[in-house]
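Each chain, written out:
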Protein chains: 4
Amino acid sequence: MANSRFKYVRNFELADNLLPSTYLVVRIDGKGFHRFSDAHSFAKPNDKAALDLMDRAAKRVFEEVPDVVVGFGESDEYSFLIRKDSSLFSRRESKIVTLIVSCFTSAYVFYWPQYMPPERILQYPPIFDGRIVQYPSTSQVKDYFRWRAVDTHINNLYNTTFWALVLQGGQTTTEANQTLSGTVSGDKNEILFKKFGINYSTLPEQFRRGSTVVRSAVEAVNETFGIPATANAEPSVTEPEDPRKIANPLFGHKQKKKPRAIPPYDGTTGEIVVLHVDMVKDDFWDQRPWLLA
Amino acid sequence: MANSRFKYVRNFELADNLLPSTYLVVRIDGKGFHRFSDAHSFAKPNDKAALDLMDRAAKRVFEEVPDVVVGFGESDEYSFLIRKDSSLFSRRESKIVTLIVSCFTSAYVFYWPQYMPPERILQYPPIFDGRIVQYPSTSQVKDYFRWRAVDTHINNLYNTTFWALVLQGGQTTTEANQTLSGTVSGDKNEILFKKFGINYSTLPEQFRRGSTVVRSAVEAVNETFGIPATANAEPSVTEPEDPRKIANPLFGHKQKKKPRAIPPYDGTTGEIVVLHVDMVKDDFWDQRPWLLA
Amino acid sequence: MANSRFKYVRNFELADNLLPSTYLVVRIDGKGFHRFSDAHSFAKPNDKAALDLMDRAAKRVFEEVPDVVVGFGESDEYSFLIRKDSSLFSRRESKIVTLIVSCFTSAYVFYWPQYMPPERILQYPPIFDGRIVQYPSTSQVKDYFRWRAVDTHINNLYNTTFWALVLQGGQTTTEANQTLSGTVSGDKNEILFKKFGINYSTLPEQFRRGSTVVRSAVEAVNETFGIPATANAEPSVTEPEDPRKIANPLFGHKQKKKPRAIPPYDGTTGEIVVLHVDMVKDDFWDQRPWLLA
Amino acid sequence: MANSRFKYVRNFELADNLLPSTYLVVRIDGKGFHRFSDAHSFAKPNDKAALDLMDRAAKRVFEEVPDVVVGFGESDEYSFLIRKDSSLFSRRESKIVTLIVSCFTSAYVFYWPQYMPPERILQYPPIFDGRIVQYPSTSQVKDYFRWRAVDTHINNLYNTTFWALVLQGGQTTTEANQTLSGTVSGDKNEILFKKFGINYSTLPEQFRRGSTVVRSAVEAVNETFGIPATANAEPSVTEPEDPRKIANPLFGHKQKKKPRAIPPYDGTTGEIVVLHVDMVKDDFWDQRPWLLA
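Residues numbered from 1 in each chain as written. Chains lettered and ligands numbered in written order. Predicted model: local features only at pLDDT ≥ 70, side-chain atom pairs only at ≥ 80, totals over all residues. Heavy atoms only, no water.

## Things to note about the overall build of chain A
Logical step 1: Of regular secondary structure, chain A possesses 11 helices and 6 strands.
Logical step 2: Buried residues in chain A amount to 56% of all 293 residues.
Logical step 3: Put simply, of all contacts in chain A between residues at least 6 apart along the chain, 75% involve residues at least 24 apart. (Helix = DSSP H or I, 4+ residues; strand = E, 2+ residues; numbered from the N terminus. Buried < 20%, exposed > 50% of the residue type's maximum accessible area, 1.4 Å probe, protein only. Contact = heavy atoms within 4.5 Å.)

Spelled out as structure tokens, the structure:
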């Protein structure tokens, strides 16, 4: 084959397989999103349409990659947890990280018109970068999402107060920075409440907590047994501890007959839902033991 | 800072810097593009609009990353050469590869409506993956692009003959495969000419040679000296060996006065142009010595 | 400094840090030890002096590197377990693996005259190579040592029978290979017993089980409290489950007074001992929970 | 095979192949050699026996690994250059670096009694660590050895002056440090000459320049043609530019008859010699073009 004389250049492709049996977290960040936000007049401190679009792009990653079992987003970043035992692309780092970044980016541009008001035309193609981090144990994975959740809280409280001072309080951005310099959480809550009548804890959970994406075990189990999904599963309601037993009264009976037919639920099937929940506490993980199994 | 308790999870982010002073080639591939081509009724064997869109997305990568100095595309793949001495993102592998894949993907979706006929609506967000390969020497870089160029030729000759047999010759795809089994280039050329009156060598260069993206040295030099770019620089005409001297009659004079003001041209500035040229011969590289300098 | 002009060459030294919080196993193998064994007339199938020397070299690694907490050796190989939370050399792979291989090699040559009969002069410097493997979980670490222990058993049973056939049975090595072809463990045990009167299970444990190196918790705890070590701690006797309480009657009392003064034993201190124990069962690990803590 | 149940642990062994077609430099450093020098009463500022032993250990690496073509040593460190196109152990990093470190260490201990006075008994096994660095181009390789050579010069001039001040001048080490603080090369040369009558440039080249190890092309070519090696090839004399033509008057004749029989000399055969030459200038490399070919 004429090809073979130059094919030796493939020998320079080095293996980049990740360690087996570690949790993989892919974190995606918008590149130059300060400029992007300004160019598209995103509302301050939070633009709900922009956040919803991020969530939609994240769901697209779930649709494409079953081994992605948890997503968490805030602002212009999103993190994805891949199952510990995933053999996706033989765990080749470049393949995995580029696939997910490309999928997310593609969906972000594709779904833009569905999520944005008609006058807000996409001005130029946005870019995201990404990286993979390996975590050996469940406690580190939980702490990873705690780290992002705490970051969400801190940033959002700051930004909410900052933009209240600017947009409602008439301060310049420099003045607002000075006002907030050295303040702690309590101070910011007080400024919001006393000066602007804003009770921070009543602001939308999407802003305060970020967005968590998972697959609904209820849906997955019902599908397995050919039972129509409950009409309106409320996504932000926490799933029951063993969803298969409660969701389906026939379940226990069937299980007795053919226990081998029901592999334990592993989080890779079911309806993809977006929650706005507390990721610092253990509840999220305790209610979904399959995520870290 | 409340953040710090969980911040230790960043210690799991390992360095992934590439070796300094190597040429970096990023190759992007469409994922599942057989299905994507079918879903969007791409013409066989080549869909010019689809190829033009790929070229446009590649140009967007050039717009975003000055250190990308050569691109080469065929079918649903594109390769990008990054300068040997680039310190882009401190040569962090994940940053570079995800940035380029995301930029390409984003532009592909963004520019879709500009390149496709109005009835060809994008059905779902396409995905590309990517990888980086390091090459220590210029001969390997040239051979890399020769490898892709030869691949373009072989695939295109095969596909052109195959689809002529099917679309014009009435064969099934199975029959066409059998007809072509064991044939060499000469056989395919003969089939095309004798059965279908197609002279392969007169088909569009874009199909036969793929697309090569570079920056035009002529433009870059003129811009430096504030001289309007020549109205219609013909991109596929080969640039003169030292473009600065020929393009601008004042150049030699200025050079004598302020020789320090003119750093050697390095391929990172100038108008981005798409060529359809022979990448197997040395001419392309010989005419642009700055690309591998 | 005159040095600085060339110092840029250090930029080509890439980071090679291993993932935090994984168990590290360094495995060392003799290079060309068939030839080495012949050149030094090692007894077949096992040369006790040579194995004792391997064990001594392994102990030297323990003396040099406190974070090495388990060693396991058979034939011309040795494996070393490094604590999960070790920050030895910032977990730089090359540093760790070369240090341990060099230390082992150096000790092997250094202690040769102490372990070998005087007429067995070292003919040339032996070489070992090594590699590091990361394991995220305790079960994998246990399975790693099970893998080597089962390998020890299989190899030793084979070699013992093989050399009995050759040295006592008068077969050629080719004939002995044929005799053993297709046999299972039971067959080999029977050959040994019926043909040569050898009861395999009574052969020295060092040959059948390999050598396991750990630090003695008893010693470590006594040292901490200034109490002379028990005169003759029998190394191959399994340590008690909580060695601090049983070994020292005063221990519990002191613990009540100053509980903060006693950090949990972590396996990095105490007398280094060589055991010949069953590494397939869980007992070894169950009795020393600190090793995988 | 009973082994297979646990054999999955091998899946955690990740590939660590180095990039093809790069020069590999392995640098070995003594660990804790201040203490080691004191424990063995090495002469200050240079112990010729200790340096000769380092050189002997380096030659052992050359004996073991033909692809090692240049060595350079000073003090307790040694660097080894591996040919660009070497496929040693498929260029697996751990294999290569541990093999060379182990070989060097083993030889150092093995040859100790041959190089040291009888009363200088080795007190404990010394340790070396090592790392591999990849260099894409010849200029970087030359600069690497220049970097070490300049370092040798600077360190040796400092140490020679320092120990003259202490041993002959009666200064304490603290005083000697103060005397040398802020001095440049010229100052140190003057101190040596005026205070101690030492002309630095006449001190042994081994101390001033370090040790360079190569294979002698003369020997290699003579061996190829069955001609006895010249009785006393003076290693520190520079080899002629094309050694095969000058060393053997019959050579040209033979070459005409069987040109295919003579592959170009590549530095992997011939007598291993230790030189003390200027590694900053280009002469060393110019006279041996095969080393970087």
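## A few points about the interface of chain B and chain A
In many analyses, interface size is given as the accessible surface area lost on bringing the parts together.
Logical step 1: Counting residues at the interface gives 55 residues for chain B and 55 residues for chain A.
Logical step 2: Counting the surface lost from both chain B and chain A, the interface buries some 4,900 Å², and carbon and sulfur atoms represent 63% of this.
Logical step 3: Lys 95 of chain B is paired through a salt bridge with Asp 129 of chain A; the nearest N and O atoms lie 2.7 Å apart.
Logical step 4: In this assembly, chain B and chain A are joined by 20 residue pairs in polar contact (both at pLDDT 80 or more).
Logical step 5: Elements represented by at least two residues in the side of chain B that touches chain A include exactly helix H2 (48–64), helix H3 (93–115), strand S4 (128–135) and helix H4 (138–168) of chain B.
Logical step 6: Looking at which element gives the most residues to the side of chain B that touches chain A, the answer is H3 of chain B, with 15 residues. (Buried area = accessible area lost by both parts, 1.4 Å probe. Salt bridge = Lys/Arg side-chain N within 4 Å of Asp/Glu carboxyl O. Polar contact = N/O pair within 3.5 Å; in protein donor to acceptor, adjacent residues only side chain to side chain.)

## A look at the packing of aromatic side chains
Residue and element names in this part refer to chain D.
Logical step 1: The tally for this structure, following the rule as stated, stands at 100 aromatic pairs over all chains.
Logical step 2: Ring centres of Phe 104 and Phe 128 lie 5.1 Å apart, and the angle between their planes is 80°; on these two criteria the pair is classed as edge-to-face. Of this pair, Phe 104 sits in helix H3 (residues 93–115) while Phe 128 sits in strand S4 (residues 128–135), and the two are 24 residues apart along the sequence. For the pair formed by Phe 104 and Phe 128, the shared burial category is buried. (Phe/Tyr/Trp six-rings, centres within 6.5 Å; stacked < 30°, edge-to-face > 60°.)

## Some points on the nonpolar core
Logical step 1: Judged by nonpolar contacts, the single largest core of 86 residues is most densely connected at Phe 80, Ile 100, Phe 104 and Tyr 108 of chain C together with Phe 80, Phe 104 and Tyr 108 of chain D.
Logical step 2: Sequence-distant contacts of Phe 104 of chain C, defined by excluding residues within four places in its chain, comprise Ile 28, Met 54, Ala 57, Ala 58, Val 61, Tyr 78, Phe 80 and Phe 128 of chain C.
Logical step 3: Grouped together as the second largest cluster of nonpolar side chains are 84 residues, Leu 88 of chain A together with Val 68, Cys 103 and Ile 132 of chain B included. (Core = buried A, V, L, I, M, F, W, Y, C linked by side-chain atoms within 4.5 Å.)

## Observations regarding the interface of chain D and chain A
Logical step 1: Counting from both sides, the interface comprises 9 residues of chain D and, opposite them, 9 residues of chain A.
Logical step 2: When chain D packs against chain A, the two sides together hide about 680 Å² of surface, and 82% of this comes from carbon and sulfur.
Logical step 3: For the pair chain D and chain A, the number of links is 0 salt bridges.
Logical step 4: Between the two partners, chain D and chain A, sit 0 residue pairs in polar contact (both at pLDDT 80 or more).
Logical step 5: Split by residue class, the side of chain D that touches chain A holds 6 nonpolar, 3 polar and no charged. (Nonpolar A, V, L, I, M, F, W, Y, C, P; charged D, E, K, R; others polar.)

## Examining the relation of the copies chain D and chain A
Logical step 1: Rotating chain D by 180° and moving it 0.0 Å along the rotation axis overlays it on chain A with an RMSD of 0.0 Å. When the rotation and shift are considered jointly, the pair of chain copies conforms to a two-fold rotation axis. In terms of C-alpha distance to the rotation axis, chain D has Ala 15 of chain D as its closest residue, with the C-alpha 3.2 Å off the axis.
Logical step 2: A shared interface surface links the copies, since 100% of the contact residues of chain D are contact residues in chain A too. (Least-squares fit on C-alpha atoms with pLDDT ≥ 70 in both.)

## Quick notes on the sheet that holds strand S4 (residues 127–135) of chain C
All names here are of chain C.
Logical step 1: Taken in spatial order, the 6 strands line up as S4-S1-S3-S2-S5-S6 in an open sheet, and their pairing is antiparallel. The open sheet has two free edges, formed respectively by S4 and strand S6 (272–275), since each of these has just one partner strand. Strand-to-strand twist in this sheet, taken as the mean axis angle between neighbours without regard to direction, amounts to 20°.
Logical step 2: Two elements, strand S2 (residues 68–74) and strand S3 (residues 77–82), share 6 bridges in a ladder whose sense is antiparallel. Pairing of Val 70 across the sheet is with Leu 81, part of S3.
Logical step 3: Lying over the sheet, helix H2 (residues 48–64) contacts S2, S3, S4, strand S5 (211–215) and S6, oriented at roughly 20° with respect to S3.
Logical step 4: Sitting on the sheet, helix H3 (residues 93–115) touches strand S1 (23–31), S2, S3 and S4, and the angle it makes with S4 is about 140°. (Pairing = 2+ DSSP bridges. Axes fitted to C-alpha atoms, helices over the stretch in contact; angles between N-to-C directions.)

## Details of the UniProt feature "binding site: GTP" (unreviewed entry) in chain A
All names here are of chain A.
Logical step 1: Sequence positions flagged by UniProt for "binding site: GTP" (unreviewed entry) are, in local numbering, Asp 29, Gly 30, Lys 31, Gly 32, Phe 33, His 34, Ser 75 and Asp 76. Their sequence span is 48 residues, while the largest C-alpha to C-alpha distance among them is just 12.5 Å; these annotated residues converge on one region.
Logical step 2: When you line up the elements, Gly 30 lands in strand S1 (residues 23–30).
Logical step 3: By relative accessible area, Gly 30 is classed as buried at 15%.
Logical step 4: Not counting residues up to four positions away in its chain, the partners in contact with Gly 30 are Asp 76, Ile 127 and Phe 128.
Logical step 5: If you trace the backbone, Phe 33 turns up in helix H1 (residues 33–39). (UniProt positions renumbered as here; feature names shortened; annotations may be inferred.)

## Side note on the sheet that holds strand S1 (residues 23–30) of chain B
Residues and elements named next belong to chain B.
Logical step 1: Spatial strand order, S4-S1-S3-S2-S5-S6: 6 strands in an open sheet with antiparallel pairing. In the strand order of this sheet, the two ends are held by S4 and strand S6 (272–275), each with one partner. Each adjacent strand pair in this sheet contributes to an overall mean axis angle of 20°, direction not counted.
Logical step 2: Sitting on the sheet, H3 touches S1, strand S2 (68–74), strand S3 (77–82) and S4, and the angle it makes with S4 is about 140°.

## Observations regarding the environment of Thr 160 of chain B
Residues and elements named next belong to chain B.
Logical step 1: The topology assignment puts Thr 160 in helix H4.
Logical step 2: Along the chain, Thr 160 and Pro 113 lie 47 residues apart, while their C-alpha atoms are 27 Å from each other.
Logical step 3: Looking at Thr 160, its side chain comes within polar contact range of the main-chain oxygen of Asn 156, at 2.6 Å.

## A few points about the pairing of S3 of chain B
Residue and element names in this part refer to chain B.
Logical step 1: In terms of burial, S3 is largely enclosed, as 6 of its 6 residues are buried.
Logical step 2: A two-sided burial pattern is seen for S3, the buried positions comprising Glu 77, Ser 79 and Leu 81 on one face and Tyr 78, Phe 80 and Ile 82 on the other.
Logical step 3: Two successive antiparallel strands, S2 and S3, enclose a turn made up of 2 residues, where Ser 75 displays a positive phi of approximately 50°.

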